[in-house]
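# Structural features, examined
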Amino acid sequence: MDGEQNSVTEGIDLTSNASDKIEAARSLFPGAARNVYMNVSVRGLLSTRVKEAVDRYLDEHSTGEWDKQELLASVEETRQRFATLINASPDEIAITKNASDGLNMIAGSLPWKAGDNLILCPEVEHPNNVYPWMNVERRFGVEARSVSPDDGRIPIQQMIDAMDERTRLVTVSTVTFAPGFVTDVETLTKASRERGVVCVVDAAQSAGVLHTDVEQLGVDALAVATQKGLLAFYGMGFLYCRRQLANQLTPAYLARFGVAVGDDAHETAMDLDRLRLADGARRFDLGNFNYLGATAANASLELLLDIGTRDIEAHVRSLAAQLASGMRDLGLPVAGGEPGPHLGHIVAVGKSGGGRHYTADDPAMNSLYEHLSTNGVKLAIRRGVLRLSMHLYNNDEDVRRVVDLSREWRSAQR
Ligand SMILES: Cc1ncc(COP(=O)(O)O)c(C=O)c1O
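Residues numbered from 1 in each chain as written. Predicted model: local features only at pLDDT ≥ 70, side-chain atom pairs only at ≥ 80, totals over all residues.

### Thoughts on the pairing of strand 7 (residues 221-225)
In plain terms, the rule: Counting other C-beta atoms within 10 Å of a residue's C-beta gives its exposure: the residue is buried at 20 or more, exposed at 12 or fewer, and partly exposed in between, where C-beta atoms are placed from the backbone. In DSSP terms, a helix is any run of H or I states spanning at least four residues, a strand is any run of E spanning at least two, and both are numbered starting from the N terminus. DSSP bridges decide pairing: two strands pair if at least two such bridges lie between them.
Taking burial as the measure, the five residues of strand 7 include five buried ones, the bulk of the element. By the alternation rule, side chains of strand 7 split into Ala221, Ala223 and Ala225 and Leu222 and Val224, which are all buried. Direction of pairing for strand 6 (residues 198-202) relative to strand 7: parallel, over a ladder of three bridges. Across the sheet, Val200 pairs through a bridge with Ala221, a residue of strand 7.

### As for the site of the ligand
Using the following cut-off: Contact assignment follows one rule, namely that a residue is near a molecule or strand if its backbone-placed C-beta atom lies within 6 Å of it. Ten residues, namely Ala, Val, Leu, Ile, Met, Phe, Trp, Tyr, Cys and Pro, are considered nonpolar, four, namely Asp, Glu, Lys and Arg, are considered charged, and the remaining ones, Gly among them, are considered polar.
Taken together, Asn98, Ala99, Ser100, His126, Asn128, Asn129, Ser173, Phe177, Asp202, Ala204, Gln205 and Ala225 form the complete shell of residues around the ligand. A class-by-class count of the residues in the shell around the ligand yields four nonpolar, seven polar and one charged.

### Some words on the sheet that holds strand 11 (residues 380-382)
Stated precisely, the cut-off is as follows: Axis geometry follows a simple rule: fit a line to the C-alpha atoms, using only the stretch in contact for helices, then measure angles between N-to-C directions, giving values from 0 to 180 degrees. Contact between residues is assigned whenever the C-beta positions, reconstructed from backbone atoms, fall within 7 Å.
In spatial order, the strands read 9-12-11; together these three strands make up an open sheet with antiparallel pairing. What marks the edges here is a single partner per strand, and that holds for strand 9 (346-350) and strand 11. Pairs of neighbouring strands in the sheet enclose a mean axial angle of 35°, with direction left out of account. Sitting on the sheet, helix 13 (residues 309-329) touches strand 9 and strand 12 (385-389), and the angle it makes with strand 9 is about 15°.

### What about the sheet that holds strand 6?
With mixed pairing, the seven strands of this open sheet are ordered in space as 2-8-7-6-5-3-4. Every interior strand has two partners, whereas the edge strands, strand 2 (93-96) and strand 4 (143-146), have only one. When the angles between neighbouring strand axes are averaged without regard to direction, this sheet yields 20°. In this fold helix 5 (residues 68-86) packs onto strand 2, strand 7 and strand 8 (237-241), with an angle of close to 120° to the strand it touches most, strand 2.

### A short note on the domain arrangement of the chain
The line we're drawing: Each domain's limits were defined by an automated method or a database of domain assignments.
What the domain assignment lists for the chain is domain 1 (69-304) and domain 2 (309-413). Computed over C-alpha atoms, the centres of domain 1 and domain 2 are 29 Å apart. Across the side of domain 1 that touches domain 2, the residue classes break down as 10 nonpolar, seven polar and two charged.

### Let's talk about the nonpolar core
Definition in use: By our criterion, buried Ala, Val, Leu, Ile, Met, Phe, Trp, Tyr and Cys residues that link up through C-beta atoms within 7 Å make up a nonpolar core.
Residues Leu222, Val224, Leu239, Tyr240, Val347 and Leu386 are the most contacted members of the largest nonpolar core, which totals 123 residues. Look past the residues within four positions of Tyr240 in its chain and what remains in contact with it is Ile86, Ala88, Glu92, Ile93, Val214, Ala221, Leu222 and Ala281.

### Structural notes on the packing of helix 5 against helix 12 (residues 291-307)
Between two packed helices, what matters for the description is the angle formed by their axes and the separation of those axes. Note the following rule: Angles are sorted into four bins: roughly parallel if under 35 degrees, roughly antiparallel if over 145, roughly perpendicular if 65 to 115, and oblique for all others. Each crossing gets its handedness from the near helix: less than a right angle anticlockwise from the far helix is left-handed, clockwise is right-handed.
Where helix 5 meets helix 12, the closest approach of the two axes is 9 Å, and the angle between their N-to-C directions is 40°. For the element pair helix 5 / helix 12, the angle class is oblique. Handedness of the helix 5/helix 12 crossing: left-handed. Residues Leu71, Ser74, Val75, Glu77, Thr78, Arg81, Phe82, Thr84 and Leu85 of helix 5 form the contact with helix 12, whose participating residues are Tyr291, Ala294, Thr295, Ala297, Asn298, Leu301, Glu302, Leu304 and Leu305.

### Section: unusual backbone geometry
Across the junction of Ala178 and Pro179, the peptide omega takes the value 10°, indicating a cis bond. Even without being glycine, Leu231 reaches a positive phi, approximately 55°. The backbone of Asp264 sits at a positive phi, close to 65°, despite the residue not being glycine. Along the chain, the position of Asp264 falls in the loop between helix 11 (243-246) and helix 12. The class of Asp264 is exposed, set by 6 C-beta atoms lying within 10 Å.

Here's what the structure looks like:
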């Protein structure tokens, strides 16, 4: 274990202060030197530590030197690390394919009754945190109550006001897909708990980048995928489900790993006389896991835990505030206005809500996007805004470069 830890954090002095550690970690991300990579909201960069772990996995598998018990143990280590990252217990974590897999596990296992309702703010959600609930509406006769965003923000008080005695669930993203504001989850969960309403969050945009503590947030379930802030692969994710809630749920899908057959029972063991669901969120585990995805996530989680998400959050929030201020000083329309609590690691430029998914309504914003892209800035356009999203591998120099390029573009417009 010690040897493994050294290999992952090699080159980083773990006793140094936060900013030195973060600066040293940048050298583990070749993509950060190649471009100004501000696109974690689509997909994060892979570190050399992840690549080394994956190479080892491929070597073992191409030579036939793999061991199934080790594969299973590595999934358990990954589960444990994700649990540590969000301050949960490993039994509260299920291994999933992606964020929507986790959201559907909850949607499909709650004991809905016709006439129940749930609350969401679809205009700022990714479709994968909208369709699972539309499906619940159609399948179980549940009303999905939509609230409208308030200038790009999820209106927490309106969500609370929309709750009544038939409200069973409320769902939000911890950080929205677009324009990428941080949601005030704690105010929502305080109200939902008082009313016995389950609060499910989509943390696809925040996990690994912003410090996440499920106890502090008070959420009942949280779903993520690993390709964004967790800096690993597509096709791998986690579902946190509070143990007390999980133990009341019957999964819609069931397979061997979701069943308690007995401690140390072989993966092919089966008890035909009795069906006992695994404790907590483990009941949502199905068959064999994405072992390669778990290997990548494990190496990445180890690095994130070593650096610490409190420090990563402070770093990215500071960069985002500099970037937002720099763009505002150029007279550009930064969504959300002045930096404030809404600003996490995503700076959105343009008119929120306009445009198609990949273009903005405003031709000037499409032109700025082109200028930044052709000059080596990796960013995205989502729902009308240019989305610049950062992680631990970004630095002040990246921010200066984007502001300088934007100034250059602005001058050329005049
Ligand atoms: C908020 C949010 N949820 C979910 C997803 C993707 O869902 P999945 O992991 O199921 O593909 C994204 C991806 O952009 C997202 O931004």
